[in-house]
Amino acid sequence: MSNEKIKSCPLTANHIKIALVGQPNVGKSMLINSISNANLHVGNFSGVTVDKTEVLFDYKNYHFTVVDLPGTYAFTDYTIEERVTHNYLCAESYDLIINVVDSTNLEKNLQLTSELMSMSKNIIIALNMSDEAKKEAIEIDSEYMTQLLGVPCLKVSAQTKEGINELIEAAVIQYEEKSQKSKLIFSEPVEEEIAQIVWYLEKYKFSDDDSYRHIAINLLKNDQKTYEKIHDNPIWIELQPILVEALKHIELHHDSDDIKEAFAQEYASFNRGIIAEVVNLKNQVEKKTLTEKIDSVLIHPFLGIPIFLFFMWGLFQLTFEIGAIPMEYIDAFFGWFGDTIGATIPNDDVRSLVVDGIIAGVGAVVLFVPNIIILFIGIALLESTGYMSRVAFLLDGFFHKFGLHGQSFIPLVTGFGCSIPAYMSARILKNDRDRLLTLFIIGFMSCGARLPVYVLFAGAFFSAQMAGNVLFAIYIGGAMLGLIAAKILKLTAFKGADEPFVMEMPKYRLPTVKLIWHTVLTKTMMYIKKAGTYIAAASMLIWFLSNYPHNLELTQSYESKIEIAVDEKEKTNLLNQLAVEHLEQSYLGSIGKFTEPIFAPLGFDWKMSVALQTGLAAKEVVVSTLGVLYALGGEVDEENSSLIDAISKNISFASAISFIVVIMIYLPCLAASVVFTREAGGIKYFFYLLIFTSITAYFLAYIAYNIALLF
Amino acid sequence: MKTLYDCEKNCKVKVIKLNASTELKQRFISFGIMKGSEIEILQHTAAKSTVEIKVAKMRIALRDTEAKLIEVQKI
Ligand SMILES: Nc1nc2c(ncn2[C@@H]2O[C@H](COP(=O)(O)OP(=O)(O)O)[C@@H](O)[C@H]2O)c(=O)[nH]1
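Quick summary incoming for the structure in this document. These numbers come from a predicted model, not from an experiment.

On to the overall build of chain B, then. Secondary structure summary: chain B contains two helices and five strands in total. Ordered by position from the N terminus, the helices and strands of chain B form the series β-α-β-β-β-α-β. Its C-alpha atoms give chain B a radius of gyration of 11 Å, within 12% of the compact-globule value 11 Å for 75 residues. In chain B, which comprises 75 residues, the proportion classed as buried is 59%. Partitioning the intrachain contacts of chain B with sequence separation of at least 6 by distance along the chain shows that 57% fall at a separation of at least 24. Of the roughly 3,000 Å² of accessible surface on chain B, a fraction of 50% belongs to carbon and sulfur atoms.

Right, let's get into the interface of chain A and chain B. Chain A puts 52 residues into the contact, and the matching count from chain B is 34 residues. Carbon and sulfur atoms make up 55% of the area that chain A and chain B hide from each other, which totals about 3,500 Å². Linking chain A to chain B there are five salt bridges. Of the charged contacts in the structure, one is a salt bridge between Arg27 of chain B and Glu82 of chain A, with a shortest N-O distance of 3.4 Å.

A separate point is the sheet that holds strand β4 (residues 58–63) of chain B. The strands that make up a sheet pair up through hydrogen bonds in the backbone, lying either parallel or antiparallel. Strand order in the open sheet formed by six strands is β9(A)-β4(B)-β3(B)-β2(B)-β1(B)-β5(B), and the pairing between neighbours is antiparallel. Each edge of the sheet is formed by a strand with only one pairing partner; in this case those strands are β9 (502–505) of chain A together with β5 (70–74) of chain B. Strand-to-strand twist of the sheet, defined as the mean angle between neighbouring strand axes without regard to direction, takes the value 40 degrees. In the sheet, strand β1 (residues 12–18) of chain B pairs with β5 of chain B via five bridges, with the strands oriented antiparallel. If you follow Lys17 of chain B over to β5 of chain B, its bridge partner there is Glu71 of chain B.

Attention now goes to the side chain of Glu71 of chain B. Residues and elements named next belong to chain B. Tracing the sequence through the fold places Glu71 in strand β5. Side-chain polar atoms of Glu71 contact the side chain of Asn19, separated by 3.1 Å. Residues contacting Glu71, with those up to four places away along its chain left out, are Met1, Lys2, Thr3, Lys14, Val15, Ile16, Lys17 and Asn19.

Residues and elements named next belong to chain A. A contiguous nonpolar surface patch, about 730 Å² in accessible area, is contributed by Phe699, Tyr702, Ile703, Ile707, Leu710 and Phe711. Looking at the element boundaries, Phe711 is found in the segment after α31 (683–709). Classification of Phe711 as exposed rests on a relative accessible area of 80%.

Two measures describe an aromatic ring pair: the distance that separates the ring centres and the angle between the ring planes. Summed over the entire model, instances satisfying the criterion amount to 34 aromatic pairs over all chains. Pairing Tyr200 of chain A with Tyr204 of chain A gives two aromatic rings, centres 6.4 Å apart and planes at 15 degrees, and the pair type is stacked. Accessibility expressed as a relative area gives 15% for Tyr200 of chain A, which makes it buried. Take Tyr204 of chain A: its relative accessible area is 35%, and that puts it in the partly exposed class. For the ring pair Phe333 of chain A and Trp336 of chain A, a centre distance of 5.9 Å and an interplane angle of 40 degrees mean the geometry is tilted. Here Trp336 of chain A and Phe333 of chain A lie together in helix α13 (residues 304–344), a separation of three residues that amounts to about one turn. Here Phe333 of chain A falls in the partly exposed class, since its relative accessible area comes to 41%. Aromatic ring contacts, followed pair by pair, group Phe457, Phe461, Phe462, Phe599, Phe604, Phe653 and Phe659 of chain A into a single cluster. The side chain of Arg390 of chain A reaches across the aromatic face of Tyr508 of chain A, ending 4.1 Å from its centre. Taking the ring centre of Tyr5 of chain B as reference, the NZ or CZ of Lys48 of chain B above it sits at 4.8 Å.

Before going further, it helps to examine helix α25 (residues 587–599) of chain A. All names here are of chain A. Here α25 is 13 residues long and its end C-alpha atoms lie 18 Å apart, about the 18 Å a rise of 1.5 Å per residue gives. Taken as a whole, α25 carries its principal kink of about 30 degrees at Lys593; the proline Pro597 stands between one and four residues after it. Inspection of α25 places Leu588, Gly589, Gly592, Thr595 and Phe599 among the buried residues, and these make up the whole buried set.

With that settled, consider the pattern of salt bridges. All names here are of chain A. Applying the stated criterion across every chain, the model contains 18 salt bridges over all chains. Across the salt bridge formed by Glu132 and Lys507, the nearest N and O atoms sit 3.0 Å from each other. Of this pair, Glu132 sits in helix α4 (residues 130–135) while Lys507 sits in the loop between β9 and α22 (513–547), and the two are 375 residues apart along the sequence. By relative accessible area, which is 17% here, Glu132 ends up buried. The structure contains a network of salt bridges with shared partners spanning Glu132, Glu136, Lys507 and Arg509.

Scoring rules and cut-offs
For every chain, the first residue of the written sequence is number 1, and numbering continues from 1 along that sequence. Naming scheme: in the order in which they are written, chains are lettered from A and ligands are numbered from 1. Local features in this predicted model are restricted to residues whose pLDDT is 70 or higher, and side-chain atom pairs enter the listing and the counts only when it is 80 or higher, whereas totals over whole chains, interfaces and linings include all residues. Values shown for side chains rest on all heavy atoms present in the structure; no hydrogens or waters enter the calculation. Strands here mean DSSP runs of E at least two residues long; helices mean DSSP runs of H or I at least four residues long; both are numbered from the N terminus. Radius of gyration: C-alpha atoms only; globule rule: 2.2 Å multiplied by the number of residues to the exponent 0.38. Per-residue accessibility, obtained with a 1.4 Å probe over protein chains only, is compared with the maximum for each type, and a residue is labelled buried under 20%, exposed over 50%, and partly exposed between these values. Contacts are assigned to residue pairs that have any heavy atoms within 4.5 Å of one another. Each accessible area is a Shrake-Rupley estimate made with a 1.4 Å probe; only the visible protein chains count as cover when residues are assessed. Using a 1.4 Å probe, buried area is obtained as the accessible area two parts lose upon being combined, added over both of them. Each reported salt bridge corresponds to a side-chain nitrogen of Lys or Arg within 4 Å of a carboxyl oxygen of Asp or Glu. Note on pairing: DSSP must find at least two bridges between two strands before they are called paired. Lines are fitted to the C-alpha atoms to define the axes, a helix being fitted only along its stretch in contact, and any angle between axes, read from their N-to-C directions, falls within 0 to 180 degrees. Whenever two N or O atoms come within 3.5 Å, that pair is a polar contact, provided that in protein one can donate a hydrogen and the other can accept it, and provided that, for residues adjacent in sequence, both atoms are side-chain atoms. Residues enter a patch when their relative accessible area is above 30% and they make no salt bridge; the linking distance is 9 Å between like charges and 5 Å between nonpolar side chains (Val, Leu, Ile, Met, Phe, Trp, Tyr). Between 30 and 60 degrees the pair is tilted, below 30 it is stacked and above 60 it is edge-to-face, where a pair is any two Phe, Tyr or Trp rings, Trp via its six-membered ring, whose centres lie within 6.5 Å. Counted as over-ring charges are cases with an Arg CZ or a Lys NZ within 6 Å of the ring centre that also lie within 35 degrees of the ring normal. Expected helix span is given by 1.5 Å per residue-to-residue step, counting one fewer step than there are residues. Across the chain, bend at a residue is computed as the angle between axes fitted to the seven residues ending at that point and the seven starting from it.

See below:
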């Protein structure tokens, strides 16, 4: 809870292990945040919590472990989340389940609750979002509900932190009292059958950790695992005919040939009974909710898509326009910082390493922090307001034509921020083929790290007014290419039936400033950390490769020439030539020269070839490599001190276009590739991705280069 | 036989039968779409490729192919 309470000794304190279970979007992550002050990512689209997360904290004499299980609608093992949660609840050991429900929509939420209650475990129900319920004039009698269900029900609000202390107190009490009997009852025919099976189990003293009632219910529900357990037991012979009769009886009662559907109806009618008793819909009148009103505009059949495109366009404009403002200052700062630090270092080599290598490299990356912050804010807003699901709704018809799923939109759009979370969020796609297909084309959505490269080139070749549009075109163009690639893959490598599209559209929510701030802060810090470590190291390596081996002969021959040169202009020219020749014979120059023939048809000089290769470590390094390569070459010239100028002078328009095409398509960075391989499920997929992206990038860049040459 | 796909916007219907495979049926059920549940049609996309419905205060999006599997009756 609060910090001053973390005093109890972890060895003597009582350990309480809590499993936090709930449907998607009921505010589980937020609740865990307000219980423990942990900082999990809270989002407003179904399925933010994919892995189970553990949070530890102390309260009084107790040592709490809260396991946040992925959101699940029911125990159907349909999605990965459901499987993770179901397996955990059945197989792991824990003391208590806290079932988080959304007070504003009990009917839907209690469906899961009743399945949990039939497990005969120790449960507490947290009626979350009670603040919102109050606003909507939904009154829940939690005490009466506790009585009816036989399970403690507490009103809480993760947002206002109301009732959080009471919830923890209740957990302690529930833990001390051990099991309480839940009062979930079925219709008479089902109860009869349960009683009969329980009677048999008792008669034969069947030994198991599970309660007899739960075993009986599971047998009736055709639960695979329970069947496997009992199948090898001698009582099976007697039990089987009884079960067959029981199932017939229940199916007849429900006029259905599906026992699971029959049970769902059982739960639903029990829940309707409870709701009728405990919920007082005071002044509820049948009128359109705010969400429905907003939806009637945002997902309007004709306005929906233009509105969405407008939002996207606005986001990219902002990224460029506002992001450009602080860039000047950052640039100036690093220039000043480099000079100041440089002045304190006497040794030439070390100074060059620190100033031209590390500070210039890291500076080039930090320069783009403002752009990245704006992009992250945009994506965080999409996520936390609930608009993301609407876009999936709007785009499914379109995506489906390309063999993708409307929900592929979520990982794809996340891919504009960073490929790594994008690869991870592809898990919301249940069907393996759909997921793999989405994984393969996430790379086409240009990630935030590629933004600096685009900004650099757009700035170098287009006017400031045009640059925003060019940036937008690059992003949309990448997405279009991705769709075409998806269609081709779907027709060839990923043939097969489609995954159904059934998705919840959460309520619209105003995102809290704290939440947005937090998500953006963590992501930005991740980027800066990368700049400080990975990229600093890469910059040092590139600096080394571009400065060594020292060729003394070369230097001396130029020095003598410079000495005899008469006017200043010639001197400068000679110095320039020296720098360029020095670079060409360096290690980096050799690598670039060696690979130059491969990239020559795309119009790249050796510097660009090198930048592409260093970009495999992290895309941000492309810019810092170009920075090191071109800044060294032009350092002596006063006029083209900035990288943008250097680029527009040294690279032709056609080469720049083809370079951008390669950056858009080729292999994601090292870290993303590792995540891709893990998510796709094998190293062979990495090689497929490598071949697929390399061939596509090369082929399209070749075409783009030759078209651009025509202008 | 009338399915959810045939229903107009703002229409309220009751589910009679789910003609889906066992797996998809489970999915429907976990979203509260089962025999007897009441559904309101909120919105279609322009090409009617996706439909937004409301079941027990929850808004759900379905694709046309799935909507055609849900047999309904007007209430
Ligand atoms: N008004 C209100 N909003 C809440 C409350 N708890 C969570 N939310 C919001 O509900 C949304 C989903 O929350 P999240 O924790 O991501 O849900 P999860 O999917 O269950 O982990 C977020 O936008 C939260 O801001 C609450 O008690 N009151």
